[in-house]
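# Descriptive analysis of the structure
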Amino acid sequence: MRLTATPSSVPAGKVSLRAYNKGVLAHEVVVLPLPAGHAPGRRVTGSDGRVSEAGSLGEASRTCGAGAGNGIAPGSTSWTTLTLRPGRYELLCNFPGHYSAGMYAELDVTG
């Protein structure tokens, strides 16, 4: 399991994220700020195999649609449009066990 951000750096402002699921399981992409000094993939997972989504700026998790839903089906696309300030963000799949299996990526937003 993996998640990649291409490009990995974008200018601040309105950003549209498109998530294409190449896998065989449903996934999602949640956008969380990444605090200074923290590396992606280091969030604490709970007993449910998920990380806290407190502070989430949005997600792409609706098959063939924008915004939140029940997951992106294999072979499908989802998207979300956000206004992001300069900083570092972590994109992650928060389905149980997916984050700890490596489904996260850093997105850098420049000023």
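Please read these numbers as outputs of a predicted model, since none were measured by experiment.

## Details of a nonpolar patch on the surface
A surface patch of nonpolar side chains, amounting to about 330 Å² of accessible area, comprises Met1, Val24 and Leu25. Mapped onto the elements, Leu25 comes out in the loop between strand 2 (13–20) and strand 3 (29–33). The exposure class of Leu25 is partly exposed, given its relative accessible area of 42%.

## A look at the packing of aromatic side chains
Under the defined criterion, the tally for this structure stands at 1 aromatic pair. Seen from their ring centres, Tyr99 and Tyr104 are 5.3 Å apart, and the 50° between their planes marks the pair as tilted. In this structure Tyr99 comes out as buried when scored by relative accessible area, which is 2%.

## Brief notes about the nonpolar core
By size, the foremost hydrophobic cluster in this structure holds 20 residues, and its most contacted members are Leu17, Leu84, Leu91 and Leu107. Those elements giving two or more residues to this core turn out to be strand 2, strand 3, strand 5 (77–84), strand 6 (87–92) and strand 7 (104–110). Those residues within four positions of Leu17 in sequence are excluded, and the remaining contacts are Val31, Ser78, Trp79, Thr80, Leu82, Leu91 and Leu107. Core analysis: the second largest hydrophobic core is formed by 5 residues, Val30, Leu32, Val51 and Tyr99 among them.

Conventions used here
- Residue positions within a chain follow its written sequence, with the count starting from 1.
- Given that the model is predicted, a residue must reach a pLDDT of at least 70 before its local features are reported, and side-chain atom pairs must reach 80 or more before they are shown or counted; all residues, however, enter totals for whole chains, interfaces and linings.
- Note that water and hydrogens are dropped before the side-chain values are worked out from all heavy atoms of the structure.
- Each patch is built from salt-bridge-free residues with over 30% relative accessible area, joining like charges within 9 Å and nonpolar side chains (Val, Leu, Ile, Met, Phe, Trp, Tyr) within 5 Å.
- Calculation of accessible area relied on Shrake-Rupley with a 1.4 Å probe; when residues are assessed, cover is drawn exclusively from the protein chains displayed.
- Salt bridge, as used here: a side-chain nitrogen of Lys or Arg that lies within 4 Å of a carboxyl oxygen of Asp or Glu.
- Helix and strand assignments come from DSSP, with helices taken as H or I runs of at least 4 residues and strands as E runs of at least 2, each series counted from the N terminus.
- Think of it in three bands: with a 1.4 Å probe and only protein chains considered, a residue is buried below 20% of the maximum accessible area for its type, exposed above 50%, and partly exposed in between.
- Stacked, edge-to-face and tilted labels apply to pairs of Phe, Tyr and Trp rings (six-membered ring for Trp) whose centres lie within 6.5 Å, assigned for plane angles under 30 degrees, over 60, and everything in between, in that order.
- Put simply, a nonpolar core is a bunch of buried Ala, Val, Leu, Ile, Met, Phe, Trp, Tyr and Cys residues held in one set by side-chain atoms that sit within 4.5 Å of each other.
- Contacts between residues were defined by any pair of non-hydrogen atoms, one from each residue, lying within 4.5 Å.

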